[in-house]
Amino acid sequence: MKKKVLALALTAAMACSLVACSSNDSNASNTQDSGDSASTTVANKDKPLVWFNRQPSNSSTGELDMNALQFNDNTYYVGFDANQGAELQGTMILDYVKANIDTIDRNGDGIIGYVLAIGDIGHNDSIARTRGVRAALGTAVEANGAINSDPVGSNADGSATAVKDGSLEVNGKTYIVRELASQEMKNSAGATWDAATAGNAIGTWASSFGDQIDIVASNNDGMGMSMFNAWSKSNKVPTFGYDANADAVAAIAEGYGGTISQHADVQAYLTLRVLRNALDGVDIDTGIGTEDDAGNVLSDDVYYYDEAARSYYALNVAVTADNYTDFTDSTKVYAPVSNQLDASAHPEKSVWLNIYNAADNFLSATYQPLLQNYDDLLNLKVEYIGGDGQTEANITNRLSNPSAYDAFAINMVKTDNAASYTALLNQ
Ligand code: BGC
Ligand code: CA
């Protein structure tokens with residue numbers, strides 16, 4: 001039954017990509033009631049759709065939401081390899097500790113203490129990073145076959161059950177590694193990955209733990225920089241984040257410990273490129289694994305495609321004092337995919353795109369500027385909608401006329417909520 005429905009959808013999508021989608025049907029434009037007119041009469045449910053940054057999935061179990069990922073034949077997800085990145089993040093911190101072992105233990109009690117800012121306990125990326133840090137530092141505890149990623153709150157004496165004390169031997173001396181504290185950085189209105197909350201938390205942590213804190217770890221740079229500016233910079237405590245936002249990369253010169261580039265330059269390209277390809281009715285690999293007519297192509301050291309999950313994942317790179325000067329401009333397009341498409345072969349199409357939280361440091365300071373650079377190169381006219389990071393309705397309310405667009409790019413507030421969007425396209 002399900003197969004049949006899929007097959008029908010496939011036929012419809014193919015017909016669309018052969019005829020309607022690729023022709024600039026002027027009658028169709030006349031029927032649009034908005035200035036941003038879609039160039040075809042394709043049903044909204046058959047239009048290309050890309051989820052990005054927040055993968056449709058169960059926020060408790062992490063299980064992928066395949067209904068959302070296979071909404072139609074032209075549906076994809078674009079993100080990055082969360083596990084590979086998390087492992088890099090953990091290793092980056094561990095390497096720093098080992099290289100600086102003579103000075104790292106600030107109060108000399110033989111315990112290397114760290115605090116951890118968690119972004120969103122229901123977000124796969126955040127969960128992976130918490131696990132990566134704990135795995136590398138030896139503080140991980142297994143729960144149901146995976147590393148426990150729960151926040152510990154306060155763990156001054158090492159008795160928390162979600163983590164354990166790690167043990168690290170360097171130069172013949174054994175140290176204890178302790179997660180002194182961790183919490184989800186969620187503000188009272190419900191926004192997660194909240195930088196201001198992290199800035200407040202470090203104040204609280206510093207007053208209870210003082211020089212027991214030797215390392216500050218964060219699930220992202222937005223929170224990491226907030227803690228660095230509020231406390232760790234002046235106290236010379238190495239702070240590690242994730243995302244390689246420009247301000248964080250620059251702060252490495254001032255003692256920020258390091259960050260991870262999730263190759264946002266590749267992700268932003270892929271986000272719009274899959275839509276472009278679907279709208280052009282060409283093979284989805286065009287300009288991705290296969291060079292396009294303008295010479296754009298990605299090599300497999302920066303991304304991979306998981307066909308079963310309909311997901312493209314960029315690969316991560318550690319950014320530390322050794323290499324940060326190569327990463328100072330976080331909004332620069334990736335050179336191998338920076339060639340302008342010819343507008344006669346790839347006519348302008350309109351895209352509706354939302355950022356789940358306009359105040360998110362990574363999405364607003366790194367990802368969106370990159371998207372804005374690529375939209376011109378790909379001849380896509382993109383309408384950018386910034387959400388409040390709290391409710392899906394704040395965003396979906398602004399998709400009142402999906403017929404006015406040729407394609408959609410969606411960044412959900414909560415990874416469980418794909419249906420809030422697909423319901424609008426099914427109407
Ligand atoms: C980024 C975070 C960001 C989150 C938003 C993550 O991939 O690393 O900085 O807050 O996405 O969903
Ligand atoms: Ca210590």
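**Re the overall build of the chain**
When helices and strands are tallied, the chain shows 13 helices and 17 strands. In terms of overall size, the chain behaves like a compact globule, its C-alpha atoms giving a radius of gyration of 23 Å where 427 residues would be expected to give roughly 22 Å. If you line up the chain on its principal axes, its C-alpha atoms span 75 × 40 × 35 Å. Per-residue burial over the chain gives 55% buried out of 427 residues. In the chain, once contacts between residues fewer than 6 apart in sequence are set aside, the share between residues at least 24 apart is 70%. When the accessible surface of the chain is split by element, carbon and sulfur atoms take 49% of a total near 16,900 Å². When the 25 basic and 53 acidic side-chain charges of the chain are each reduced to a single mean position, those positions are 5 Å apart.

**Brief notes about the coordination of the calcium ion (ligand 2)**
Note on the calcium ion (ligand 2): its protein donors are Asp 105 (OD), Asn 107 (OD1), Asp 109 (OD) and Ile 111 (O). The metal-donor distances range over 2.2 to 2.4 Å. All donor residues of the calcium ion (ligand 2) come from one chain, and their arrangement in sequence is D-x1-N-x1-D-x1-I. Judged by its relative accessible area of 12%, Asp 105 is buried. When its relative accessible area of 29% is taken as the criterion, Asn 107 is described as partly exposed.

**Focus: unusual backbone geometry**
When glycine is set aside, most residues are seen to have a negative phi, and most peptide bonds are trans. Phi is positive for Asn 53, close to 70°, though the residue is something other than glycine. One can find Asn 53 in the loop between β1 (49-52) and α3 (66-69). At Arg 310, a position not held by glycine, the phi torsion is positive, near 55°. Within the secondary structure layout, Arg 310 lies in the loop between β12 (303-306) and β13 (311-314).

**Focus: the sheet that holds β12**
The pairing of strands in a sheet happens through backbone hydrogen bonds and is either parallel or antiparallel. Reading across the sheet, the 7 strands line up as β12-β13-β2-β1-β17-β15-β16 and stay open at both edges, with mixed pairing between neighbours. Two strands lie at the open edges of the sheet, namely β12 and β16 (380-386), each paired on one side alone. Put simply, the sheet's adjacent strands are angled 20° from each other on average, direction ignored. Of the pairings in the sheet, the one linking strand β2 (residues 75-80) to β13 comprises 4 bridges and is parallel in character.

**Points about the packing of aromatic side chains**
By the definition in use, this model includes 14 aromatic pairs. Where Phe 80 meets Tyr 242, the ring centres are 5.9 Å apart and the plane angle is 45°; that geometry is what we call tilted. Placement of the pair is Phe 80 in strand β2 and Tyr 242 in the loop between β10 (239-240) and α9 (246-251), with a sequence separation of 162 residues. Between Tyr 96 and Phe 240, the ring centres sit 5.3 Å apart and the planes meet at 75°, which makes this aromatic pair edge-to-face. With Tyr 96 in helix α4 (residues 82-99) and Phe 240 in strand β10, the pair connects residues that are 144 residues apart, well separated along the chain. Under the relative-accessibility criterion, Tyr 96 is labelled partly exposed at 27%.

Conventions and cut-offs
Residues numbered from 1 in each chain as written. Chains lettered and ligands numbered in written order. Predicted model: local features only at pLDDT ≥ 70, side-chain atom pairs only at ≥ 80, totals over all residues. Heavy atoms only, no water. Helix = DSSP H or I, 4+ residues; strand = E, 2+ residues; numbered from the N terminus. Rg over C-alpha atoms; globule rule 2.2 N^0.38 Å. Buried < 20%, exposed > 50% of the residue type's maximum accessible area, 1.4 Å probe, protein only. Contact = heavy atoms within 4.5 Å. Areas by Shrake-Rupley, 256 points an atom, 1.4 Å probe, with all protein chains shown as cover. Lys, Arg positive; Asp, Glu negative; His and termini not counted. Charge placed at Lys NZ, Arg CZ, Asp CG, Glu CD. Donors = N, O, S within 2.8 Å, 3.2 Å for Na, K, Ca; no water. Pairing = 2+ DSSP bridges. Axes fitted to C-alpha atoms, helices over the stretch in contact; angles between N-to-C directions. Phe/Tyr/Trp six-rings, centres within 6.5 Å; stacked < 30°, edge-to-face > 60°.

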